[in-house]
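Reading the structure
Chain by chain, the residues:
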Amino acid sequence: MAQDTQGARTDRRSESELTLVDADVHQRWADDEAIAQYLPERYRDDGLVLPELLYRNPGEFLRQDEKTEDGNKPGTDHQKICDDHLDEHDIDYAMLTGNSWFNLAALPHRDYANELARAFNEWLVNDVLPVDDRFIGSMYVAPKAPEKAAELIREYGDHPQIRQVMLPGGAEVPYGRPQYWPMYEAAEEQNLAMAVHPFSEGHGTSNPPTGAGHPNSYIEWHTLLGAYYMGQLASLVTEGVLVEYPDLRWAFLEGGYGWVPHFMWRLDKNWKGLRSQVPWLEEKPSHYIRNNVWFASQPVEEPERPEFHDQILEMMHADEMLIYASDYPHWDGDDPTWGLPPMDDDMERAIKHENAAELWDLPTDGSKLK
């Protein structure tokens, strides 16, 4: 990715056919058999065995007005996603992020987790992506089996609608560790972004979701997702992942963004005095973050005064780093009509489609994905 002397990514503002890209749309399956049918015979009878959720949203996450006609959960009718969301809001592309509780980093059985990832990817390319060419997909991998994950990335990464590799937010060790690097090499090779999304923080074999230990309730867990993301991003930066793979793009979804300015300032300040510990970082840490990392808007920050939000956007360089996300069909999502607060036209274009086009290498001239 080209860089200027200030460490900001190259300006790609140009005439664009795009108007709106949604970074986080959750498609689901109506029945576990939809995924289990793609498992190897030795696991098929087990079906989907996933870690129990410790923190449950009292609203059950999903908008009840988006249930399917046959009473299934919202997101299971993929044509309905197109009719009720993409068509309704003139969305050019929707990044499908799957079921939020498919905790492949929190399963103790590496081989089973890897086969679940393959089964999900088979379901995605065979049963979901063909529904509409506005769908772009997140393929799944099992982080505990990074070599096998790299094989999956190379196997499915050529599909024109697959544009990123999904990692759960929680893991046994941070994502900067070299054991994960085979995944990153494969993703960069396939021109796919890596994405981190809340899945497994505090569940199964993953670590507690906060440095203070396990929270008591969902509200505490959800409020502190940004803290978990700080840990993952600090690891990626200081371990040198963004140096080793300079063309690998990263998306942090559904973890907020108000914390980003403080995080970059603090990391830059510590680097000035401790750079001997990270000699591979020839530039300040924020340089690499601004070049390689994007953050999704949902949940939108809601400060007490509107001008405070404008200041957050300016301080985090949102015109380079923020992408719009609805989190459809979750009840606390941010609708495209009212989800973003008012902002100037250049900022709105950047957040609604220009940054996402760069992140996922999307065509901006109306041509098909290829």
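Thresholds, definitions, all that
Residues numbered from 1 in each chain as written. Predicted model: local features only at pLDDT ≥ 70, side-chain atom pairs only at ≥ 80, totals over all residues. Heavy atoms only, no water. pLDDT = per-residue confidence, 0-100. Contact = heavy atoms within 4.5 Å. Pairing = 2+ DSSP bridges. Helix = DSSP H or I, 4+ residues; strand = E, 2+ residues; numbered from the N terminus. Axes fitted to C-alpha atoms, helices over the stretch in contact; angles between N-to-C directions. Phe/Tyr/Trp six-rings, centres within 6.5 Å; stacked < 30°, edge-to-face > 60°. Buried < 20%, exposed > 50% of the residue type's maximum accessible area, 1.4 Å probe, protein only. Core = buried A, V, L, I, M, F, W, Y, C linked by side-chain atoms within 4.5 Å. Arc of directions from axis to C-beta. Expected span 1.5 Å × (residues − 1). Salt bridge = Lys/Arg side-chain N within 4 Å of Asp/Glu carboxyl O. 1 Å grid on protein atoms, 1.4 Å probe; cavity = no way out; pocket = protein on both sides within 12 Å on 5 of 7 lines; lining within 4 Å. Points joined across faces, edges and corners; volume = space filled by probe spheres on them.

Residues shown with low pLDDT carry predicted positions that ought not to be read at fine detail. Of the residues in the protein chain, 92% reach a pLDDT of 70 or more, and the chain-wide mean stands at 90. Segment residues 1-14 is flagged for pLDDT under 50; beyond a separation of four residues in sequence, or across chains, it makes 39 contacts in the model.

Further remarks concern the sheet that holds strand S5 (residues 193-197). Taken in spatial order, the eight strands make up an open sheet running S1-S2-S3-S4-S5-S6-S7-S8, and their pairing is parallel. On the outer flanks of this sheet lie strand S1 (21-25) and strand S8 (322-323), each paired with one strand and no other. Its contacts with the sheet put helix H3 (residues 78-89) on S1, strand S2 (93-96) and strand S3 (135-140), and the angle it makes with S3 is roughly 130°.

Moving on: the packing of aromatic side chains. Tallying each qualifying case throughout the model produces 14 aromatic pairs. Residues tyrosine 184 and tryptophan 250 carry aromatic rings whose centres are separated by 5.1 Å and whose planes lie at 75° to one another, so their mutual orientation is edge-to-face. Of this pair, tyrosine 184 sits in helix H6 (residues 181-189) while tryptophan 250 sits in strand S6 (residues 250-252), and the two are 66 residues apart along the sequence. Assessed through its relative accessible area of 0%, tyrosine 184 is described here as buried. Between tryptophan 259 and phenylalanine 263, the aromatic rings sit 5.8 Å apart at their centres with planes inclined by 85°, giving edge-to-face as the arrangement. The class of phenylalanine 263 is buried, set by a relative accessible area of 7%. These aromatic residues form a ring-pair network of at least three members: Tyr229, Phe252, Trp259, Phe263 and Phe295.

What follows deals with the nonpolar core. Judged by nonpolar contacts, the single largest core of 112 residues is most densely connected at Tyr184, Trp250, Ile289, Phe295 and Trp360. No other element matches the 10 residues that helix H4 (residues 110-128) contributes to this core. Among residues more than four places away in sequence, those in contact with tryptophan 250 are Leu167, Tyr184, Met194, Val196, Leu236, Val241, Leu242, Asn292, Val293, Trp294 and Leu359. In terms of nonpolar packing, the next biggest core, distinct from the first, is built from six residues, Leu53, Trp101, Tyr218 and Trp221 among them.

Let's shift gears to helix H12 (residues 306-315). Because an α-helix packs 3.6 residues into every turn, residues spaced three or four apart end up facing the same way. Buried within H12 are the following residues: His309, Ile312 and Leu313. Each buried residue of H12 lies within a common arc of 100° when the element is viewed along its axis, so the set occupies one face. Positive phi appears at histidine 317, one or two residues downstream of H12, with a value of about 60°.

Under the 1.5 Å per step criterion, the end-to-end length of helix H8 (residues 225-238) is 20 Å for 14 residues, consistent within 8% with the ideal 20 Å. Every buried residue of H8 is listed here: Leu225, Gly226, Tyr228, Tyr229, Gln232, Leu233, Ser235, Leu236 and Val237. A positive phi of about 95° marks glycine 240, the residue just after H8.

On the secondary structure map, glutamate 302 appears in the loop between strand S7 (293-296) and H12. Classification of glutamate 302 by relative accessible area gives exposed; the value is 72%. Along the backbone, glutamate 302 and isoleucine 81 are 221 residues apart, and their C-alpha atoms lie at a distance of 27 Å.

Attention shifts here to the pattern of salt bridges. According to the stated counting rule, one finds 17 salt bridges in the structure shown. Linking lysine 144 and glutamate 172 is a salt bridge whose minimum nitrogen-to-oxygen distance equals 3.7 Å. Separated by 28 residues along the polypeptide, lysine 144 in the loop between S3 and helix H5 (146-156) and glutamate 172 in the loop between strand S4 (162-168) and H6 bring together distant segments of the chain. Judged by relative accessible area, which is 17%, lysine 144 ranks as buried.

What follows covers empty space enclosed by the protein. A complete count under the given rule lists three cavities of 30 Å³ or more for this structure. The calculated volume of the second largest cavity comes to roughly 40 Å³. Phe102, Leu104, Tyr140, Val141, Met166, Leu167, Pro168 and Phe199 together form the lining of the second largest cavity. Looking at which element gives the most residues to the lining of the second largest cavity, the answer is S4, with three residues.

Moving on: the pairing of S2. Burial along S2 is two-sided: the residues Tyr93 and Met95 and Ala94 and Leu96 are all buried. Summarising the sheet, S1 and S2 pair through three bridges and their orientation is parallel. Across the sheet, residue valine 25 finds its bridge partner in S2, namely leucine 96. One ladder, built from three bridges, connects S2 with S3; its direction is parallel. If you follow leucine 96 over to S3, its bridge partner there is glycine 137.

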